[in-house]
Amino acid sequence: MGRRISIDALADTVMECLNDYADVSAEGMKKAVRKAGNTVKKEIGANAPKDTGAYAKSWAVKNTKETANALEVTVYSRNKYQLAHLLEFGHAKRSGGRVAGKSHIAPAEESGIRQLESEIERSLRNG
């Protein structure tokens, strides 16, 4: 279980163990971020208003920024991005009046945040 080291090698051994832990936790975090991004995309597509279905199918996930120990993904609408704000919050009609919004992005974001937190905690707990 343990290993014997000299006092002179203690600092090197501790740093080696901390670097191993950092690598494991970074990989677990990246996997959790990818999984949460895909979940948010699927949830937005499932709850989006459907006229022809093109808007719901237009959602995608892309890696925005990736380093050795960090990952940032963006969930976005590829070709119907102009509709996202209007459908989420509602808009005015040409003939007067308003169209009510259908909140489908905010709930998906909230559930994605909860999933990401629980996945990261699980990966850190399990190593």
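Description of the structure in this document. Because the structure is predicted, anything quoted here is derived from the model rather than measured.

1. Description of the packing of helix H1 (residues 10-47) against helix H4 (residues 105-126)
Across the interface, H1 lies against H4 with an axial gap of 8 Å and an inter-helix angle of 155°. Classified by the interaxial angle, the pair formed by H1 and H4 is roughly antiparallel. Crossing angle aside, the handedness with which H1 passes H4 is right-handed. When H1 is examined against H4, the residues Tyr21, Ser25, Gly28, Met29, Ala32, Val33, Lys35, Ala36, Thr39, Val40, Glu43 and Ile44 are found in contact with a partner set consisting of Ile105, Pro107, Ala108, Ser111, Gly112, Gln115, Leu116, Glu119, Ile120, Ser123 and Leu124. Taken together, the residues of the contact of H1 with H4 break down into 13 nonpolar, 7 polar and 3 charged.

2. Considering the pattern of salt bridges
Scanning all chains against the criterion turns up 4 salt bridges. Between lysine 30 and glutamate 66 there is a salt bridge, and its shortest N-O distance comes to 3.5 Å. A residue pair is termed long-range when its members are at least 10 positions apart, and lysine 30 in helix H1 and glutamate 66 in strand E1 (residues 59-66) qualify at 36 residues. A residue is classified by how much of its surface remains accessible, and glutamate 66, at 41% relative accessible area, is partly exposed. Put simply, lysine 35 and glutamate 119 hold a salt bridge, and the shortest N to O gap is 3.4 Å. Here glutamate 119 lies in helix H4 and lysine 35 lies in helix H1, a separation of 84 residues in the sequence. For glutamate 119, a relative accessible area of 16% corresponds to the buried category. The network of salt bridges with shared partners includes Lys30, Arg34 and Glu66.

3. Some thoughts on the packing of aromatic side chains
According to the stated counting rule, one finds 1 aromatic pair in the structure shown. Their ring planes at 80° and their centres at 5.8 Å tell us that tyrosine 55 and tryptophan 59 sit as a pair that is edge-to-face. For the pair formed by tyrosine 55 and tryptophan 59, the shared burial category is buried. The lysine or arginine in question, lysine 62, covers the ring of tyrosine 76, its NZ or CZ lying 5.1 Å from the ring centre.

4. Thoughts on the layout of surface pockets
Empty space among the atoms becomes visible once a probe the size of a water molecule is rolled across them. Looking at the largest pocket, its volume works out to about 350 Å³. Along the wall of the largest pocket there are 14 residues; nearest its centre are Val40, Val73, Val75, Glu109 and Ile113. Mapped onto the lining of the largest pocket, the elements with two or more residues apiece are H1, strand E2 (71-77) and H4. Grouping the amino acids of the lining of the largest pocket by side-chain chemistry returns 10 nonpolar, 3 polar and 1 charged.

Cut-offs applied
- Residues numbered from 1 in each chain as written.
- Predicted model: local features only at pLDDT ≥ 70, side-chain atom pairs only at ≥ 80, totals over all residues.
- Heavy atoms only, no water.
- Axes fitted to C-alpha atoms, helices over the stretch in contact; angles between N-to-C directions.
- Helix = DSSP H or I, 4+ residues; strand = E, 2+ residues; numbered from the N terminus.
- Parallel < 35°, antiparallel > 145°, perpendicular 65-115°, else oblique.
- Left-handed = near helix turned anticlockwise from the far one by under 90°.
- Contact = heavy atoms within 4.5 Å.
- Nonpolar A, V, L, I, M, F, W, Y, C, P; charged D, E, K, R; others polar.
- Salt bridge = Lys/Arg side-chain N within 4 Å of Asp/Glu carboxyl O.
- Buried < 20%, exposed > 50% of the residue type's maximum accessible area, 1.4 Å probe, protein only.
- Phe/Tyr/Trp six-rings, centres within 6.5 Å; stacked < 30°, edge-to-face > 60°.
- Lys NZ or Arg CZ within 6 Å of the ring centre and 35° of its normal.
- 1 Å grid on protein atoms, 1.4 Å probe; cavity = no way out; pocket = protein on both sides within 12 Å on 5 of 7 lines; lining within 4 Å.
- Points joined across faces, edges and corners; volume = space filled by probe spheres on them.

Distances and angles like these do not, on their own, reveal function.
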